[in-house]
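Here is how the chains run, residue by residue.
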Amino acid sequence: MKKISSLFFIFFLTITSAQGKRFFESGDVELTKPVEKINLNYTNDLPLVKVSINGKSYDFLFDSGAPTVISSTIYKELNLQKEHKSKVKDSQKNKQEQIFTTLPEMTVDQVVFKNIGAIVMDLNGSELGCFKIDGILGANQMAKLFWRVNYLENSLETTKDLSNFKIDEYETVIPFDPQTQKTPVIETKILDKNIKLTFDTGFTGRLKILENDYDSRKVTKVVETYGTSSVGAFGAGKPVSGFIFKIPELSIGNKMFANEMIMTGNSRLIGNDFFKDFKFVMDWQNKKIYMKKILNNPPKLESFGFGYRFIDAKPVVAFVFKEGGTPLEIGDSILSINDVDLDHLDKESACHYMMNRVEKDYKTIGIKIKRAEKVMDLRLDKKEFLE
């Protein structure tokens, strides 16, 4: 949790009807080797894989927090059939009715999946379109195999035999409960409450809980926030008050983690800012995740005290820290940062600056904003919070 100037992205989806169980059990998988190595590209805090469908290459998100998804374009190109429609909910509690279909075949390097249940979605909307993904390799698909993931080395491997991964060397073992769509949910205790967190490789952040899980009486290190700190598959949620805080100890599986950082929001998740310090194995057969520490990066909160999102190719302040003295307000239009013009962008340029924030490598920035027709030039210093 080192970059609260961009937003956290959460590709987390749940099915709100009871139709899904048999649908998400469907499909088969074929491997040519005992362990298949898959080309992984961990970029912008998200894991992407190359997928071939009907001889054409696509970019898919490797996302344990969602079921398999294909774009509306793929659905139309393949002339697939609708099996049913059902409401789908994203991380911000936004709901949309989506088509459910069966994908006859998908190849991921040398791994061939057949007759996989998939949701059809428009993946070009709002900020989501900037990631240029064509679909999601989701939990219902993952559950058919064992997966070993190492973001540091851009490494993804899969097998049908867990013994190929030598899990005895993994010091952390976390039981999980797979949901209807196979997303893994782990249990922990935060602020003396039992909390269930979705193990979500489609979440760029660290740990997130619901606002009503928070108890100010049990927290000493906290930053109060207001606004929209994350964006889901169907867009952003409404601005709300929130908290980012530290707890001295967090028990996950058989291990205790010290000085963990947590934020409140619309969902309960654990994500890639936590996972990237480990290599880990996901095992749906025994309902366990095995993790081995490979980096030691204690959570740290550095920020200019605000976050922004791009709306119609224009950056707008969407999130502020209530302490720290930021002069920015929700809804301020950002005209420039460090003299980089952000007020006259096309869609492609807006996506570039959304993914490559101007301010990310600076300790001090000059920012020009517009508020109610008044233009202001400000200087902001990056601060460390929750030390």
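Cut-off values and rules
Residues numbered from 1 in each chain as written. Predicted model: local features only at pLDDT ≥ 70, side-chain atom pairs only at ≥ 80, totals over all residues. Heavy atoms only, no water. Disulfide = S-S within 2.5 Å. Helix = DSSP H or I, 4+ residues; strand = E, 2+ residues; numbered from the N terminus. Buried < 20%, exposed > 50% of the residue type's maximum accessible area, 1.4 Å probe, protein only. Pairing = 2+ DSSP bridges. Salt bridge = Lys/Arg side-chain N within 4 Å of Asp/Glu carboxyl O. Polar contact = N/O pair within 3.5 Å; in protein donor to acceptor, adjacent residues only side chain to side chain.

S.K.: Explain the state of the cysteines to me, using residue names and the numbers behind them.
M.R.: Counting across every chain of the model gives one disulfide. Disulfide pairing is shown between C130 and C351; the S-S distance is 2.0 Å. Handedness here is read from the sign of the S-S torsion; for C130 and C351, about -75 degrees, the answer is left-handed. Linking C130 in the loop between β10 (111-121) and β11 (135-137) with C351 in helix α5 (residues 347-355), this pair joins segments that are 221 residues apart in sequence. Of the two residues, C130 and C351, both sit in the buried class.

S.K.: Talk me through the pairing of strand β9 (residues 95-108); I want residue IDs and the actual numbers.
M.R.: Strand direction decides the pairing type here: strand β8 (residues 84-90) and β9, joined by six bridges, are antiparallel. Bridging across to β9, H84 finds its partner in F100. In this sheet, β10 lies alongside β9 in antiparallel orientation, the contact comprising nine bridges. By the bridge assignment, T107 is partnered in β10 with V112.

S.K.: Please provide a residue-by-residue account of the pattern of salt bridges, values included.
M.R.: Applying the stated rule across the entire model yields 22 salt bridges. One connected set of salt bridges, linked through shared partners, spans D192, D215, R217 and K218.

S.K.: Describe the side chain of R148, with residues and values.
M.R.: Position of R148 relative to the elements: it lies in strand β12 (residues 146-150). Taking the relative accessible area as the measure of exposure, R148 reaches 17% and is therefore buried. Within the local environment of R148, its side chain forms a polar contact with the backbone oxygen of F165, the two atoms lying 3.4 Å apart.

S.K.: Mind laying out the sheet that holds strand β1 (residues 8-9), listing which residues take part and the relevant values?
M.R.: Taken together, the three strands give an open sheet; going across it, the order is β1-β20-β21, and neighbouring strands pair in mixed fashion. Sheet topology places β1 and β21 (235-236) at the edges, where each strand pairs with a single neighbour. Sheet topology note: the strand β20 (residues 230-232)/β21 ladder contains two bridges and is antiparallel. What sits directly across from G232, in β21, is G235.

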